[in-house]
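An overview of the molecular structure
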Amino acid sequence: MDNFYNEISIHSTDQESVNVLQKVFERAGIINAEFRNDNRAISKDQSVLIISELGDRNFYEDQLNLMTKGLDEGTLLNGFIWNPKAKENAEGFESLISSHLSRNISYSRESFVIRFVEDVIKTLETRTDENIKNNGTHMSVFYSVLDNQVGEDVTGMLSDIFKVNKIPVDISDQSSTIDSLSKLALEANLCVVVYDQQKEWSELFTQEIWKKIGGVSSGVPILLIGSDTNEKSTVSIPNVTTAEAGKDLLALEIKIQYDSLTQA
């Protein structure tokens, strides 16, 4: 790998497994000889939790909670859960782990350490590529189908000067999941959530998208913008900008915000 990820922490009740993984990480170029593992705190960059038959549920639950909190607060980029002896563990671990999985927390039952490390490398490279590749799309514009008229008007005007992903969201459509929508958000330089009457929905949706695309660590900024017929949004999240304008001026305001938020 071209870059070292020394800001990484490895956690387990099995110190031997930690030592082995650390050695393989170093040989694979994920970390270098200067790396010092701190298993007392979740790293601000990458974190690995090794499931061992020697540990108890409380230990893993605490670590998973810290990992999830780190992602939500933007102090952690990626979490990796490795369960090399999955068949020997109680089924309760599986349900506990699954409740914490997200786009940035992955789970592996791979029994061979080298293959697990290869998967980690692929994930790190993919995350890097996602931040620099967007297929030329300028912005992904989301809006509730209940605000369809405003959404159509805004995307119609923006499409004259930008390459736009127009995404009306219907919460009754089971195929329209937050995971699939977040992938569309990552295809663009800017994620826009626009609303007229659906302010509350848009605020909740923005927070969900923000979490799914990486929170503070995401390379895609989010613009939450609504018509001035509503109270101004009070959402305050890092990497999320809020704005308002008259219905006829929403597209112009989005253009202004785009130039500001995506400039190098």
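Everything here concerns the structure above.
So, here is what we can say about the structure in this document. (Residues numbered from 1 in each chain as written. Predicted model: local features only at pLDDT ≥ 70, side-chain atom pairs only at ≥ 80, totals over all residues. Heavy atoms only, no water.)

Here's the deal with the packing of helix 5 (residues 148-158) against helix 8 (residues 250-261)
At a minimum axis distance of 9 Å, the contact between helix 5 and helix 8 shows a crossing angle of 55°. When the axes of helix 5 and helix 8 are compared, the pair comes out oblique. Considering how the two elements wind past one another, helix 5 and helix 8 form a crossing that is right-handed. Only L250, A251 and I254 of helix 8 make contact with helix 5, whose side of the interface consists of V150, V154, M157 and L158. Looking at side-chain class alone, the contact of helix 5 with helix 8 contains seven nonpolar, no polar and no charged residues. (Axes fitted to C-alpha atoms, helices over the stretch in contact; angles between N-to-C directions. Helix = DSSP H or I, 4+ residues; strand = E, 2+ residues; numbered from the N terminus. Parallel < 35°, antiparallel > 145°, perpendicular 65-115°, else oblique. Left-handed = near helix turned anticlockwise from the far one by under 90°. Contact = heavy atoms within 4.5 Å. Nonpolar A, V, L, I, M, F, W, Y, C, P; charged D, E, K, R; others polar.)

Considering helix 7 (residues 199-212)
Over its 14 residues, helix 7 runs 20 Å from end to end, which matches the ideal 20 Å to within 8%, given 1.5 Å per residue. Buried residues of helix 7: K199, W201, S202, E203, F205, T206, I209, W210 and K212, and no others. Of the residues one or two after helix 7, G214 is the one with positive phi, at around 115°. (Expected span 1.5 Å × (residues − 1). Buried < 20%, exposed > 50% of the residue type's maximum accessible area, 1.4 Å probe, protein only.)

Observations regarding the packing of aromatic side chains
Here the distance between the centres and the angle between the planes together describe a pair of aromatic rings. Tallying each qualifying case throughout the model produces five aromatic pairs. Considering the side-chain rings of F59 and Y60, the 5.3 Å spacing of their centres and the 75° angle between planes classify their relative orientation as edge-to-face. Judged by its relative accessible area of 0%, Y60 falls in the buried class. The interplanar angle of 50° and the centroid separation of 5.3 Å between the aromatic rings of F142 and F205 together place this pair among those described as tilted. Of the two residues, F142 is situated in strand 5 (residues 137-144) and F205 in helix 7; the sequence distance between them amounts to 63 residues. For the pair formed by F142 and F205, the shared burial category is buried. (Phe/Tyr/Trp six-rings, centres within 6.5 Å; stacked < 30°, edge-to-face > 60°.)

Some thoughts on helix 8
Taking 1.5 Å of rise per residue, the 12 residues of helix 8 would be expected to cover 16 Å, and the 16 Å separating its terminal C-alpha atoms lies within 8% of that figure. Listing the buried residues of helix 8 in full gives L250, A251, I254, Q257 and Y258. Projected down its long axis, helix 8 carries its buried residues within an arc of 120°, all on one side. (Arc of directions from axis to C-beta.)

Let's talk about the sheet that holds strand 9 (residues 240-245)
Taking strand neighbours across the sheet as the criterion, the five strands line up as 6-5-7-8-9 in an open arrangement whose pairing is parallel. With one partner strand each, in any of the chains shown, strand 6 (164-169) and strand 9 form the two edges of the open sheet. Looking at each pair of strands side by side, their axes are set apart by 20° on average, direction ignored. Pairing of strand 8 (residues 222-227) with strand 9 involves six bridges; the strand directions are parallel. Bridging across to strand 9, L223 finds its partner in T241. Helix-sheet contacts for helix 7 involve strand 5, strand 6, strand 7 (188-195), strand 8 and strand 9, and the interaxial angle to strand 7 is about 155°. Lying on the sheet, helix 8 is in contact with strand 5, strand 7, strand 8 and strand 9; it crosses strand 8 at an angle near 160°. (Pairing = 2+ DSSP bridges.)

Digging into the sheet that holds strand 1 (residues 8-11)
With respect to topology, four strands assemble into an open sheet ordered 1-2-3-4, the strand pairing being parallel. Edge positions in the sheet fall to strand 1 and strand 4 (105-108), since each has one partner strand and no second. In this sheet, neighbouring strand axes are inclined to one another by 15° on average, regardless of whether the strands run parallel or antiparallel. Relative to strand 2 (residues 46-50), helix 2 (residues 57-73) is tilted by about 165°, and along the sheet it contacts strand 1, strand 2, strand 3 (78-82) and strand 4.

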